[in-house]
Amino acid sequence: GALGPSAREPLPVESVVTVGYNVTAPTVERLPTCNSLARLPDGPPPGHAIVRIKAFSVNYADVTIRWGLYESAIKYVGYPICPGFDLAGVVERVGPGASVQEGDTVVGITFFGAYSERVLVPCHQLFAVPKGMSIAQAAALPSVSGTALHALALAGLWPSLPASRNRAVLVHSAAGGVG
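Residues numbered from 1 in each chain as written. Predicted model: local features only at pLDDT ≥ 70, side-chain atom pairs only at ≥ 80, totals over all residues. Heavy atoms only, no water.

Caption draft 1: Just the overall build of the protein chain, in detail. When you go through the protein chain residue by residue, the secondary structure sums to 4 helices and 8 strands. For the protein chain, the α and β elements follow one another from N to C terminus as β-β-β-β-α-α-β-β-β-β-α-α. Counting all 179 residues of the protein chain, 39% fall into the buried class. A sequence separation of at least 24 residues applies to 62% of the contacts in the protein chain between residues at least 6 apart. Element-wise, carbon and sulfur atoms account for 59% of the exposed surface of the protein chain, whose accessible area totals about 10,200 Å². (Helix = DSSP H or I, 4+ residues; strand = E, 2+ residues; numbered from the N terminus. Buried < 20%, exposed > 50% of the residue type's maximum accessible area, 1.4 Å probe, protein only. Contact = heavy atoms within 4.5 Å. Areas by Shrake-Rupley, 256 points an atom, 1.4 Å probe, with all protein chains shown as cover.)

In structure tokens, the structure reads:
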């Protein structure tokens with residue numbers, strides 16, 4: 001099991017969660033033996049939620065993390081690390097001022113940690129799973145759809161279409177989730 005600050009006493013599983021590197025709340029006590037795990041004896045900090053993960057996606061970035069080649073994984077977290085950006089699941093606990101409620105079925109993105117059972121996520125990175133969409137389908141969306149929208153925005157085609165409709169988009173190497 002996870003070890004407490006003294007690295008001797010086991011912590012209750014319910015108080016340990018995976019945490020992405022973007023979670024910087026001062027009440028999040030990361031474990032000294034693993035920067036990806038945190039102890040939350042008082043529950044989530046304000047504006048955050050603990051999500052029990054039901055599905056996650058596997059993206060190319062996750063593969064490069066496992067190869068040890070993903071720069072931000074090395075820079076911000078270090079190893080050992082729990083990969084995973086995209087998640088879908090059920091909100092288990094919320095901090096004060098959270099924009100989601102316990103029991104909500106959500107889809108979201110975290111900066112590492114989605115390949116776990118429970119993850120702490122800032123609420124602004126969580127959204128309701130669309131009606132008619134399975135949890136597995138929802139988990140496949142965040143990174144690839146965000147990347148595709150970013151590409152469209154760079155081309156001036158999103159969030160609104162340009163005045164001229166005589167624009168074309170070439171999609172090449174359409175072998176991954178984005179293409």
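Moving on from the model shown.
Caption draft 2: Geometry of the sheet that holds strand S3 (residues 34–39). On the basis of which strands lie adjacent, the open sheet formed by 8 strands has the order S2-S3-S1-S7-S4-S5-S6-S8 and mixed pairing. Either end of the sheet is taken by a strand with one partner, and the two such strands are strand S2 (29–31) and strand S8 (126–128). Recorded for the sheet is a direction-independent mean angle of 50° between the axes of neighbouring strands. With 3 bridges joining them, S2 and S3 adopt antiparallel strand pairing. What sits directly across from Leu-31, in S3, is Cys-34. In the packing of helix H4 (residues 142–154) onto the sheet, contacts are made with strand S5 (86–94) and strand S6 (105–109), and the angle to S6 comes to roughly 55°. (Pairing = 2+ DSSP bridges. Axes fitted to C-alpha atoms, helices over the stretch in contact; angles between N-to-C directions.)

Caption draft 3: How the structure looks around the pairing of strand S7 (residues 118–122). Counting buried positions along S7 gives 5 out of 5 residues, so the element sits mostly inside the fold. Here S7 shows two buried faces, one formed by Arg-118, Leu-120 and Pro-122 and the other by Val-119 and Val-121. As defined by bridge partners, strand S1 (residues 16–19) adjoins S7 across 2 bridges and the pair is classed as parallel. Each residue of the ladder has a partner; that of Val-19, found in S7, is Leu-120. As paired strands, strand S4 (residues 48–56) and S7 are joined by 5 bridges and run antiparallel to one another. Following the sheet pairing, His-48 is matched in S7 by Pro-122.

Caption draft 4: Expanded view of the nonpolar core. Formed by Ala-49, Val-51, Ile-53, Leu-87, Val-91, Val-100, Val-106, Ala-114, Val-119, Val-121, Cys-123 and Leu-126, the largest nonpolar core amounts to 12 residues. For this core, the elements supplying multiple residues, two or more each, are S4, S5 and S7. Here this core takes 3 residues from S4, the largest share from any one element. Apart from residues no more than four positions distant in its own chain, Ile-53 is found in contact with Leu-87, Ala-88, Gly-89, Gly-113, Ala-114, Ser-116, Glu-117 and Val-119. In terms of nonpolar packing, the next biggest core, distinct from the first, is built from 9 residues, Val-23, Val-28, Ile-50 and Leu-120 among them. (Core = buried A, V, L, I, M, F, W, Y, C linked by side-chain atoms within 4.5 Å.)

Caption draft 5: Molecular detail of the side chain of Ser-57. By the element assignment, Ser-57 lies in the loop between S4 and helix H1 (60–67). Given a relative accessible area of 10%, Ser-57 falls into the buried group. Not counting the four nearest positions on each side in its chain, Ser-57 is found in contact with Asp-62, Asp-86, Tyr-115, Ala-139 and Ala-140.

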